[in-house]
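Structural overview
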Amino acid sequence: MKTDYLGFCTRLRRDHGDISHMKLLSENVWDLMSPDLVREALVTHADHLLRWERGIEVFSEVFGQSVLVTEGATWQRQRRMLMTAFTPQRVNGYAQLMTTAAKEAFDAVSPKGQERALVNMDTLWSGAAMDVILRTLFSQTAEPESLAAAKATQVLSTTGYREMFHLFTLPDWLPLPGKAAKRQALHTLRSLIRGHIDARRSSHVEGGDHADLLGRLLALRDEETGEILSPQEVFDQCMVSFQAGHETSATALLWWSRLMAEHPEAAKRAREEVASVVGAGTPGPEHLPQLPWLTATLKEAMRLYPPVAAIMARRTTAPIELGGWHTPKGAMLRIAPYVLHRDERNFANAEAFLPERFLEGASPIPRGAFMPFGAGPRVCLGQHFAMLEMTLLSAMLLQRFELHLPDNAPRAEPEMHVTLRPKQSIQLWLHRVPNARAGQGAAP
Ligand code: HEM
């Protein structure tokens, strides 16, 4: 099951239908495979669910007591406070930081005068997404440690996924395979985040003086109680924004770029759309509503390869009815967006890359069938951030480059980590778009 979890879930739906029950040791597990059942659980019965505690144990090692991990009154307070930093309006204010990061990343792809370069897209996107999150969190550019931080993120994604299948986490000090790498990865990320917060606190311009996310976090006041976030909470929320905020977007953009290289017609249409709306200038939030095809290609990439593909698991705190089935208190519910996204009943020709299904006027998508950002009260806090970032970065890449698969490129096979990554790294030829002013640094 662990080695091919997605295959396991897909077979489960095929052989046992939309809801299935199994006993795993002492666990009472229910797998929910239809949009209605998933919404019934995550939306209707949200008050009777907690996040699955094993997932939380694994996540809390990295994310501390942040909004991703907490429950009950603490979660409500953190979510209420943080939402004000992630409204569409607030997020739009980060657009320029995002495009500056992207411009630097893309300018470094191929030396001036060189018409094409073979690029490791994993490195390009994780570097760019990390730079975006460092600028939006701390107003800092990618730094010497950023390569180490990108590696640390991937180590934690791999070990985190592995540990979820264990009954408990063995202490990290044990001399076991992978433990030293995990210790080092945690140390790298914590030092990076701690360094930025300490620097801000000692700069005597805490809080609202900075337009970045850390400035917002330090300035947040609970409207109901007037409380601020504690220093530990600020640290934990920075860790979660940093980790959840760059690995997921980088993974989505990685799959998107591979699909664009496989589907040159779709890429051409997206490039033409960007050219007609943005010209050679820098895209901004005001352009997003005018880029429906580009947006559709991004959504279609997240449909086929949702970064959070499975193991969205919950524990019931009371007996609940799901699709007429009685699930007892203490049951474990499992949801796999990957399976919903590839179900022919939800998406005709589900295995094919067809961005037009997300255009206005296309046949309606069943409610809840497309859920890359989750659903219910614990829906992704960063979804506006992610959509803005991905649209701006993808538009800027298309302004500058055509994407081509190398001859004999291996098939892109998904592999579960905490996010859904390709088994083998994705290399693409990036060819400079002829006369692309944006690509030659002339854009603002
Ligand atoms: C393509 C990019 C992204 C995807 C696909 C994604 C996906 C998700 C999903 C599926 C969940 C819900 C998990 C569950 O219900 O168990 C989630 C939660 C969350 N995401 Fe994202 N995310 C993305 C980007 C971001 C960004 C950019 C940030 C912040 C800067 C962020 C911050 C969070 C936080 C804080 C939560 C926890 C919310 C809560 O429990 O109240 N995410 N994300």
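Sequence order sets the numbering: in each chain, residues are counted from 1 along the sequence as written. Only residues with pLDDT of 70 or above have their local features reported here, since the model is predicted, and side-chain atom pairs are shown and tallied only from 80 upward, although totals for entire chains, interfaces and linings are computed over all residues.

1. Brief notes about the overall build of the chain
Helix and strand counts for the chain stand at 15 helices and 12 strands. Here the C-alpha radius of gyration of the chain, 22 Å, is about what a compact globule of 444 residues would show, namely 22 Å. Overall, the C-alpha framework of the chain stretches about 65 × 55 × 45 Å when taken along its three principal axes. Field definition: a residue is buried when 20 or more other C-beta atoms are found within 10 Å of its C-beta, exposed when 12 or fewer are, and partly exposed for counts in between, with C-beta atoms placed from the backbone. When each of the 444 residues of the chain is scored for burial, the buried share is 44%. Excluding contacts between residues fewer than 6 apart, the proportion of contacts in the chain whose partners are at least 24 apart in sequence is 74%. Here a strand is any run of E in DSSP of at least two residues, a helix any run of H or I of at least four, and the numbering for each starts at the N terminus. In this description the radius of gyration comes from C-alpha coordinates, and the expected globular size is given by 2.2 Å times residues to the power 0.38. We call two residues in contact when their backbone-placed C-beta atoms lie within 7 Å.

2. As for the sheet that holds strand β8 (residues 332–335)
Each pair of strands is called paired provided DSSP finds at least two bridges between the two strands. If you trace the 5 strands from one edge of the open sheet to the other, you get β1-β2-β8-β5-β3, paired in mixed fashion. Each end of this open sheet is capped by a strand with a single partner; those strands are β1 (19–24) and β3 (49–51). Each neighbouring strand pair of the sheet contributes to a mean axis angle of 30°, computed without reference to strand direction. With 3 bridges connecting them, β3 and strand β5 (residues 312–316) associate as antiparallel partners. Paired with Leu-49 across the bridge in β5 is Thr-316. Axis definition: a line fitted to C-alpha atoms, over the contacting stretch in the case of helices. Angles run 0 to 180 degrees between N-to-C directions.

3. Quick word on the environment of Glu-300
Structurally, Glu-300 can be placed in helix α13 (residues 292–304). Once residues lying within four places of it in the same chain are set aside, the contact partners of Glu-300 are Phe-353, Leu-354, Pro-355 and Phe-358.

4. Side note on the sheet that holds strand β4 (residues 116–120)
In space, the 3 strands of this open sheet follow the order β4-β12-β9, with antiparallel pairing throughout. Edge positions in the sheet fall to β4 and β9 (401–404), since each of these pairs with one other strand and no more. Neighbour-to-neighbour, the strand axes of this sheet turn through a mean angle of 30°, independent of strand direction. As paired strands, β9 and strand β12 (residues 427–432) are joined by 4 bridges and run antiparallel to one another. Paired with His-404 across the strands is Trp-429, a residue of β12. Sitting on the sheet, helix α11 (residues 231–262) touches β9 and β12, and the angle it makes with β9 is about 80°.

5. Looking at the UniProt feature "binding site: heme" (unreviewed entry) in the chain
UniProt positions are given in the numbering used here, feature names are shortened, and annotations may be inferred rather than shown by experiment. The positions UniProt marks with the feature "binding site: heme" (unreviewed entry) are Cys-380. Considering the arrangement of structural elements, one finds Cys-380 in the loop between α14 (337–341) and α15 (383–400). You can call Cys-380 partly exposed: it has 18 C-beta atoms within 10 Å. Among residues more than four places away in sequence, those in contact with Cys-380 are Phe-373 and Gly-374.

6. Looking at the site of the ligand
In this text, near has one meaning. A residue is near a molecule or strand if its C-beta atom, placed using the backbone, is within 6 Å of it. In the vicinity of the ligand there are 22 residues, among which Gly-245, Thr-248, Gly-374, Cys-380 and Gly-382 approach most closely. Contributions of two or more residues to the shell around the ligand are made by α11 and α15. Considering each element in turn, the shell around the ligand owes the most residues, 7 residues, to α11. Each residue gets one of three labels, nonpolar for Ala, Val, Leu, Ile, Met, Phe, Trp, Tyr, Cys and Pro, charged for Asp, Glu, Lys and Arg, and polar for the others, Gly among them. Residue classes in the shell around the ligand are distributed as 14 nonpolar, 6 polar and 2 charged.

7. Here we look at α15
Multiplying 1.5 Å by the residue count of a helix minus one yields the expected span of that helix. Under the 1.5 Å per step criterion, the end-to-end length of α15 is 26 Å for 18 residues, consistent within 8% with the ideal 26 Å. Within α15, 16 of the 18 residues are buried, which leaves the element mostly enclosed by the surrounding structure.

8. Considerations on the nonpolar core
To count as a nonpolar core, a set of buried Ala, Val, Leu, Ile, Met, Phe, Trp, Tyr and Cys residues must be joined through C-beta atoms within 7 Å. Core analysis: the largest hydrophobic core is formed by 117 residues, its most contacted members being Leu-32, Met-98, Ala-102, Ala-128, Leu-217 and Ala-301. Among the elements that line this core, the one with the most residues is α11, at 15 residues. The residues touching Ala-128, leaving out its near neighbours within four places in the chain, are Ala-101, Ala-102, Ala-105 and Leu-393.

9. Remarks on the pairing of β1
Little of β1 sits out of view: just 0 of its 6 residues are buried. Both β1 and strand β2 (residues 27–32) contribute to a ladder of 6 bridges, which runs antiparallel. The residue bridging Leu-24 from the neighbouring strand is Glu-27, located in β2. Adjacent in sequence and paired antiparallel, β1 and β2 are bridged by 2 residues, among which Leu-25 carries a positive phi angle near 50°.

10. Describing helix α12 (residues 264–278)
An ideal rise of 1.5 Å per residue puts 21 Å on 15 residues; α12 measures up with 20 Å between its terminal C-alpha atoms. Three or more residues of α12 are buried, namely Ala-266, Ala-267, Ala-270, Arg-271, Glu-273, Val-274 and Val-278. Taken around the axis of α12, the buried residues stretch over an arc of 160°, which confines them to a single face. For α12, exposure combined with an orientation more than 90 degrees from the buried face picks out Glu-265, Glu-272 and Ser-276. An arc is given here, and it is the one of the directions from the helix axis to the C-beta atoms.

11. Some remarks on the pairing of β5
For β5, the buried fraction is high: 4 of the 5 residues fall into the buried class. Sheet analysis places β5 next to β8, joined by 4 bridges and oriented antiparallel. If you follow Met-312 over to β8, its bridge partner there is Ile-335.

12. Thoughts on the environment of Leu-428
Within the secondary structure, Leu-428 is located in strand β12. In sequence terms Leu-428 and Leu-340 are 88 residues apart; their C-alpha atoms lie 29 Å from each other. Apart from the residues lying within four places of it in its own chain, the contact partners of Leu-428 are Val-119, Met-121, Ser-257, Ala-261, Leu-403, His-404 and Leu-405.

13. Quick notes on the packing of α12 against α15
The description of two helices packed together rests on the angle between their axes and the distance between the axes. Where α12 meets α15, the closest approach of the two axes is 9 Å, and the angle between their N-to-C directions is 100°. Judged by the inter-axis angle, α12 sits roughly perpendicular to α15. Taking contact as the criterion, the partners of Ala-267, Ala-270, Arg-271, Val-274 and Val-278 in α12 are, on α15, Ala-395, Leu-398 and Gln-399. Of the residues that constitute the contact of α12 with α15, the class distribution is 6 nonpolar, 1 polar and 1 charged. Any angle that falls under 35 degrees is termed roughly parallel, while one over 145 is termed roughly antiparallel, one within 65 to 115 roughly perpendicular, and all others oblique.

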